[in-house]
Structures are given as C-alpha cells and as structure tokens.
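Letter by letter, the chains look like this.
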Amino acid sequence: MDWSHTDLMMDRIKLFIKKDYMKSFFICFVIAFLSFLPFVIKGEGFFVLTNDFNDQQIPFTIGLHNALLDSGISGFSWDIDLGTSTMDGFSFYELGSPFFWLSMLFPANAFPYIVAWLFMLKFSFAGLISCLYLRGFVKDSKWAIIGSVLYAFSGFSLVNLVFYHFHDAICFFPLLLIGLERLKEKKDYPFFIFTVFLNCIINYFFFVGEVVFLVIYYLCRFGRKDIKGMIIDAVKCICCGVLGVGMAAFVFIPNIIFISGNPRTGQFAGILSMLKTSLTEYMYILKTLLLPVDPMTSISAVYTTRFSSHGFYLPMVGLVLVIAYVIRKRDWLSKLIVYLAVASFIPLLSDLFYMYSAAQMRWWYMFTLMAVLASVKMLEEPDAKAAKLGTGIYVGVIAVFVIVLNVLNHLQVNGNDWISNPKRFYTYVALTVIGALVTCVIATRKEIRWKNVLVNVGIFSLGLMFTTMFIYKTCDWMGLQGYKQRYQVATQLELPNNQYRLNDTMNLISMTAHVAGFTNQSSTDTNSIRDFEALFDYYAEVVGMPKNDVPGVAELLAGRYYLAFNEANGSVVAEYTTDLGPVYLMEREACPIGFAVDSYITKDDLMSMDVNSRGIALLDSAVLDEDSLTDEIKADLPRNAADDIDLDKSVSAYVMEHTYGSVLGFNKDGHGMSCVTGYDKGTYVYFSVPYDTGWTAYVDDSETDIIESGGMMMIKVPAGGHNIRFDYYTPGLKVGLAVTGICILIFLVFTFYRQNGKITKIK
C-alpha cells in the first residue's frame, strides 16, 4: 500500500472538512439532528409531523416514486385524486428535488423512515450554500458560518416544516445569487446559466418568485447611471436566464401549460384594492417580522390557525442588527431591505413575486437572506451606537405592538381574540427581548468572539426548532399510531378489481398502496377535476370535493372499496394486520370506471337542478356542454331535460344497469387504460377518468374523438367486438424536451468555446 498517497488523501479530506462551508454544513446538521432525534426515537424511526406534512408530503413522495417507476415523467398517475398527469401533479412538489432523487435509492414505502434524515440534509445544505453566498461579502468567512445558521433556522424555515418541499427552494436559492455575483465579477456566464437551470427545475413556482427578486436585487445592487451600459448588461443576463430556463424546458413548458388553465391561478385584483390590506393582516405581518414563529396549526396571537408562510425571525438576533445596518449604511443592501420590508405590507408589491397568486409571504426566505447578510456584516464591523439604537427601536416597536394588540383584544375589534394563547405569546415576547439584549451586549463589545455568538445562535436555533416541531406534533389530529396503522394497511392493500376505486380520501392510503382512490389533498390535481366538482357548486384550492356528500357521486366514480376499522355489516373483501388490530377492506355498490350511456343532459339543465339531485342525474345521463353537441351526438343520443330525470329511481338500480353495460377486460397503468367492448349497436361509453388534452383514444388502432363530459371522458364505439386503448402523454413535454435538447447543446458549445478561448489566451 502506498502510505504516502493515503496520507495525502487524508490531509486533503481534513482540509476539505475545515472549509467554512463544510463547518456550516456540519453545524446545521447537528442542530437539525438534535431537533429531530427525540421524535425519530419516539416513532421508532417512523417520522411524521402534522397536517400537510402527513397528508401530502409523505404520500406524494411515495406516489411520485411509484409513478416514475410505472411510466416515467410522461405518464398518468391514478393515485392523485381521480387521476392526474405525473408531470403536472408532482412538479410543484418534488419531481425536480435532488433530495427526492436521493430517496429513490430506497424502496418507495421506506420514505417515512428516511424523511427525517433527508430533512436534516436539507437544513445542512441550506447552511452550506448560504455560507458560500455570504462569505463573498465578509472579510472573514467565520461570520458567514454564523449567517448560515441564522438563514437555515430562520422563522421561514421553521414555520414551513410542514411543507417539506419548500426547503428545496430555501437550500438552492442562494446559489442563484452566487451565479449572478460570479457573472458580474468574473463574467462566468456558464455558472449563472446553470444556477438558473437548477432552480427552475427544482420548483417552477418558487423559481418565478426568485426571478422577480433577482430583478429587484440586480437593480439595487448593480444599478448605475450609465443607462446604455445597464441595458447591455441586463440583456446579457436575460439571455443567460432564457438559456437556463430553456435547459429546464422539459419541466417548465408542460407546467406553464398546466397552470395557465388552472382556475386556482391568481388574478390581479386592481391597483387601488391591492395597495392596502386588513388590520388583522397588518398585525400578523408585523408579529411574524418581530417575533419567533408560531406553527401554522396553533398560533398564539392575531390568528389561531393559518396555513401561510409568514415566518422571518432570525434566531436570537431578530431584527436588531438589520435595523442597525439600515441606520448605519445607505448602500444597496439597505435600500433592498427597506423595499422588501415595505413590500411585505403592500399586496400590490408582495403578490407580484408570484404573479398575483396569493403569495402568502412565500418569498420571505429571500428577504431573510438579505437580513442575514446585513446582520453578519454588522457583527464583522460592529458599531456600538448603531447596535444600541437598533436594539432600542426593535424593543420599542415590540412594546408598542404588544400594547396595541392588548387594546385590540380588550375591545374585541372585529370580534377577534387577538391574543389566543397568552402564555406562549408572552414567552415569545420575553425570548425576543432577551435575544435582542444579548445581541446588543455582544455587538457593543470591543472584540466580538464569533464562537460565543455561534453557540448562542445555535442554542436559540435548537430551542426554537424543537419547540416548533413539538407544537406541530401536538396538533396532529390523528396521532402517530393512527397514521402508522393506515400506513401499514396501505403497504398491504390491493384492490380485487382495478376497474373500481378505493372510496377513501387519504392520500396516504391510495399513494402508498398505489391504487386509484378519492384522494382529496392536492394543489395540483388536473384542471378537469375542478370542472367536475363545479357541477356540484364545489370549489376549494386544495381540498377535493368529498365524493360521498352528494348521492350518486361516489357510485358514479367507481368508489366500490372502503376500509373499516371495526367489523361492520357488509361484504369483507380482505383483512389486514396492524399494530392496533385488524382492518377490513369492504365493498359496496358502484359503477365501473367505463360503462355505456344512452342519453345526455346539457350542463345548463343539470345546473338548474338541486345540487343533491345532480349525482342521480349523472347516473341517468351523461352531461354535455351545448358547445360540444354535434349533429351526430344529437342523432345518436336522446336528450333528457331536468324534468325527465327519474329521481325516484334508486342508485342501486342505476349501478346494476351500468354494471351490465360495463366495458370488459379493463386494465390501467401509468401510460393509460385499455378495455374491450362488445355492444349490439354503436354506443357511447363514459369513463370516469379526468379529461386532459394529453389523452389519445383508439378503437382498434384507429384514433377516435374524445368527448368531454363534465370534466370526464366519453367516446363512441361501433357495434361488435373492439379493442379500446387510451394513451396518455404529458401535453407540452415533447416540445419541452426538444427545447431542452437544443438549449443544452447551445450551452455545451458556448461553454466549450468560452473555456477553450481562455486556455488559448493563457497559452
């Protein structure tokens, strides 16, 4: 063995570990590890938190894993509500996440056992990458290490613990700023292009906000009086950005197509109405800027529960050093911080980050990084007078806020309980004031010992993160054992007949079992599902329509199977063993996914009926828009008006009728579905599968028209035996792949010639 070579390698490893950014990585990992460890131990390795983390983050990761193994990124996932494009359904969540692809090394159903460790890595990389950015602005990188901890464990990171996928944006956003800085300083165009590509592919939603921020950052940081030079410079940056987005086009283009038709996409409400907001909102924004975060599920003041991303507080230092910096400096960073602070209170500016969809302060991680930068610069170059003044202003604003909040609470303004949990609220106020005073003492010393600052910041970070997680855990409506029981069932569950769905609304069950169901917790289910739900006057941004609330709907949508946690009347299909006892798979009456229809009702006629009668009407007749009615349909199918629907006919009778009219040999997979028909005459067949332009239908290898029926699909098949096939391919994906290929080629050629030119100059 070559011992000298081994020693050299060990020396290099030691030097690498001693790098400032690696110190940040390990410090952030230790803080995250100590925060997660008690909950991991209590769950015996199985980690859950509450609400969206349990209902979306865990099952969606498992669902994406299964969908990719089925059909790659081009296919269709039957696990998201009634079915949705894999690309459209999962891109907002984790499709572009490096941490997700790391999880692919493990079995899909292992995710609840590895998610805590992946989460620790996210905090670690947030520290590492933010350190790389911050060290470019300090003389001694040890201050960047402190800043990385402040950023990784800021209020924004903590409040968004339930939104696991948000932390990918927190991790990699600083890389985008590093790319811009390198472009300006070293003309490193390829690196900037790559950072644009990476952030775009990780999460297209957050990327849009980052682009808006980048424009504001550029104007503040690099704006100058030389207008012509700025325009030329801006054009170069824009060209680099376009190329970076082009490299990510295979994800970006399909998702832009998807969200452009999404009824939940925000709309501009008008300049005047967006210049102000409510008193409650003003107070909540101020609270979350001043004080440590309350978990979304249990808020101590202003609101009691609110699922938004209002979180900002920097561990221990709060806003002390930020205020001190703004007082002391009149540079680009001060201007940017003031702008972002003002924008936080004006919806016209705040919602701009996400094109006037409800921003919910989901851009504050960018604001946080700027506040961290100001704080570490004040620690490196302390100013006792500014620090004292900053502390006084900060504590004074907190005092005024507390007084005003008590007055509002005493007068019951707007009928609100402005302070709902006084004990926790005043504890946070006390901690904030103590942190501010400690920061003031540190910042006014002649010599600041950075290790002492790091220890104090680390202790505050650990305490705040553990507390936030603990409160989140106490708000879990189901509890660890109940959740784990359903997970254990899902890992065993198989549906006896895949022409039917599981009549269960938990994402965890359908996605872990990888079966079609009625999952109802998704921000990105296909747009046509919303069209179907609109038939019943139902609209919600995330929660899908409860399918059992309107008579006939669950039966129409093939909801045959359901779970029972106690022995119940009915037909038991299977029994599953769990730690809490047996769970039974039951069956009930339901129509198959594909069945023949012999009449239609117009949408206008359907909507004229009582909402509780519309499910029965759809069992009787397929719904069609007047605009989609062709002469052929009118000739083939009789029209039923609202008064023609036999509301006295039982759901059971309809189910039996449609079971007799069912397609045969039904099969579905990640690429679509297939079946066989054998009707005596030409027949229209209704499929309770969401319509999407990505579908192509074939009858015996000949393409046929798909008729949209209230968000679902219908086709006409000739008499006799025929093979039916529906193929799915994500709309825009082919164009996106072509653009990605071209842009990557341009990038490689550009990088090669640029690098080759540098080498030539050196020679």
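Residues numbered from 1 in each chain as written. Predicted model: local features only at pLDDT ≥ 70, side-chain atom pairs only at ≥ 80, totals over all residues. Heavy atoms only, no water.

## Some thoughts on helix α14 (residues 279-290)
Here is step 1 of the chain: Taking 1.5 Å per residue, twelve residues should reach 16 Å; α14 reaches 17 Å between its end C-alpha atoms and fits that length.
Here is step 2 of the chain: By the criterion of burial, α14 is predominantly enclosed, with nine of the twelve residues buried.
Here is step 3 of the chain: Listing the buried residues of α14 in full gives Thr 280, Glu 281, Met 283, Tyr 284, Ile 285, Lys 287, Thr 288, Leu 289 and Leu 290.
Here is step 4 of the chain: For α14, the elements touching its buried residues are α16 (332-344), α18 (364-380), α19 (384-411) and α20 (422-443). (Helix = DSSP H or I, 4+ residues; strand = E, 2+ residues; numbered from the N terminus. Expected span 1.5 Å × (residues − 1). Buried < 20%, exposed > 50% of the residue type's maximum accessible area, 1.4 Å probe, protein only. Contact = heavy atoms within 4.5 Å.)

## Quick look at the side chain of Asp 620
Here is step 1 of the chain: Looking at the secondary structure, you find Asp 620 in helix α27 (residues 614-620).
Here is step 2 of the chain: Buried charge without a partner: Asp 620 forms no salt bridge, and the closest opposite charge is Lys 649, 5.4 Å away.
Here is step 3 of the chain: For Asp 620, the side chain forms a polar contact with the side chain of Ser 621, separated by 2.6 Å.
Here is step 4 of the chain: Excluding its chain neighbours within four sequence positions, the residues that come into contact with Asp 620 are Asp 598, Ser 599, Asn 640, Ile 645, Asp 646 and Tyr 654. (Lys, Arg positive; Asp, Glu negative; His and termini not counted. Salt bridge = Lys/Arg side-chain N within 4 Å of Asp/Glu carboxyl O. Polar contact = N/O pair within 3.5 Å; in protein donor to acceptor, adjacent residues only side chain to side chain.)

## Re unusual backbone geometry
Here is step 1 of the chain: Notably, Ala 558 is not glycine yet its phi reads approximately 70 degrees, a positive angle.
Here is step 2 of the chain: Following the sequence through the fold, Ala 558 ends up in the loop between α25 (553-556) and β4 (559-564).
Here is step 3 of the chain: Here Asp 700, not a glycine, exhibits a phi torsion of approximately 55 degrees, which is positive.
Here is step 4 of the chain: Structurally, Asp 700 is set in the loop between β13 (695-699) and β14 (702-704).
Here is step 5 of the chain: The class for Asp 700 is partly exposed, based on a relative accessible area of 35%.

## Section: the side chain of Ser 77
Here is step 1 of the chain: Along the chain, Ser 77 turns up in strand β1 (residues 76-77).
Here is step 2 of the chain: Under the relative-accessibility criterion, Ser 77 is labelled buried at 2%.
Here is step 3 of the chain: A polar side-chain atom of Ser 77 sits 3.3 Å from the main-chain amide nitrogen of Asp 79.
Here is step 4 of the chain: The contacts of Ser 77, once residues within four sequence positions are left out, are Ala 67, Gly 83, Thr 84, Thr 86 and Phe 90.

## Observations concerning the nonpolar core
One broad trend across soluble globular proteins is that nonpolar side chains are buried collectively.
Here is step 1 of the chain: Counting 226 residues, the largest nonpolar core has Phe 36, Tyr 133, Tyr 217, Trp 363 and Met 370 as its most contacted members.
Here is step 2 of the chain: Counting residues per element, this core draws most heavily on helix α6 (residues 111-134), which supplies 15 residues.
Here is step 3 of the chain: Apart from the residues within four sequence positions on either side, Trp 363 is in contact with Leu 340, Ala 343, Ser 344, Ser 350, Phe 353 and Tyr 354.
Here is step 4 of the chain: Met 545, Ala 617, Ile 707 and Met 712 belong to the second largest nonpolar core, which has 39 residues in total. (Core = buried A, V, L, I, M, F, W, Y, C linked by side-chain atoms within 4.5 Å.)

## Considerations on the sheet that holds β4
Here is step 1 of the chain: Read across the sheet, four strands follow the order β3-β4-β6-β5 without closing on themselves; strand pairing throughout is mixed. This sheet does not close on itself; its edge strands, each paired only once, are β3 (501-502) and β5 (571-576).
Here is step 2 of the chain: In this sheet, strand β6 (residues 583-587) lies alongside β4 in antiparallel orientation, the contact comprising four bridges. Paired with Leu 563 across the bridge in β6 is Leu 585. (Pairing = 2+ DSSP bridges.)

## Looking at the sheet that holds strand β12 (residues 683-687)
Remark on secondary structure: sheet strands pair via backbone hydrogen bonds, oriented parallel or antiparallel.
Here is step 1 of the chain: Sheet architecture is open: four strands sit in the order β7-β12-β16-β15, paired in antiparallel fashion. The open sheet has two edge strands with one neighbour each: β7 (594-597) and β15 (707-709). Strand after strand, the sheet turns through a mean of 35 degrees between neighbouring axes, direction not considered.
Here is step 2 of the chain: Two strands pair when backbone bridges link them, and β12 and strand β16 (residues 712-717) are joined in this way by five bridges, in the antiparallel orientation. Residue Tyr 684 lies in a different strand from β16, and its bridge partner there is Lys 716. (Axes fitted to C-alpha atoms, helices over the stretch in contact; angles between N-to-C directions.)

## So, the pattern of salt bridges
Here is step 1 of the chain: Tallied over the entire structure, the rule returns 26 salt bridges.
Here is step 2 of the chain: The salt bridge partner of Lys 139 is Glu 381, with a shortest N-O separation of 3.7 Å. Taken together, the residues span a long stretch of sequence, with Lys 139 in the loop between α6 and α7 (142-152) and Glu 381 in the loop between α18 and α19 at a distance of 242 residues.
Here is step 3 of the chain: With a relative accessible area of 74%, Lys 139 lands in the exposed category.
Here is step 4 of the chain: According to the relative accessible area criterion, Glu 381 is partly exposed, its value standing at 30%.
Here is step 5 of the chain: Across the pair Glu 181 and Arg 221 runs a salt bridge whose closest N-O atoms are separated by 2.7 Å. In this pair, Glu 181 sits in helix α9 (residues 166-186) while Arg 221 sits in helix α11 (residues 204-222), placing the two residues 40 residues apart along the sequence.
Here is step 6 of the chain: Judged by relative accessible area, Glu 181 falls into the buried class, the value being 12%.

## Topic: the packing of α11 against α18
Here is step 1 of the chain: One can describe the packing of α11 onto α18 by two numbers: an axis separation of 10 Å at closest approach and a directional angle of 40 degrees. When the axes of α11 and α18 are compared, the pair comes out oblique. On the side of α11, the interface is formed by Phe 206, Gly 209, Glu 210, Phe 213 and Tyr 217, while α18 contributes Tyr 365, Met 366 and Met 370. (Parallel < 35°, antiparallel > 145°, perpendicular 65-115°, else oblique.)

## A closer look at a negative patch on the surface
Here is step 1 of the chain: On the surface, a cluster of negative charge is made up of Asp 531, Asp 604, Asp 625, Asp 627 and Glu 708.
Here is step 2 of the chain: Tracing the backbone shows Asp 625 in the loop between β9 (622-624) and α28 (631-636).
Here is step 3 of the chain: A residue is classified by how much of its surface remains accessible, and Asp 625, at 40% relative accessible area, is partly exposed. (Patch = residues over 30% accessible without salt bridge, like charges linked within 9 Å, V, L, I, M, F, W, Y side chains within 5 Å. Areas by Shrake-Rupley, 256 points an atom, 1.4 Å probe, with all protein chains shown as cover. Charge placed at Lys NZ, Arg CZ, Asp CG, Glu CD.)

## Let's talk about the environment of Leu 132
Here is step 1 of the chain: Considering the arrangement of structural elements, one finds Leu 132 in helix α6.
Here is step 2 of the chain: Between the alpha carbons of Leu 132 and Val 302 there is a distance of 37 Å; along the sequence they are 170 residues apart.
Here is step 3 of the chain: With sequence-adjacent residues up to four places away left out, Leu 132 is seen in contact with Tyr 21 and Ile 178.

## What about the pairing of β16?
Here is step 1 of the chain: β16 sits mainly inside the fold: five of its six residues count as buried.
Here is step 2 of the chain: In the sheet, β15 pairs with β16 via three bridges, with the strands oriented antiparallel. In the strand pairing of β16, Ile 707 is matched with Met 714.

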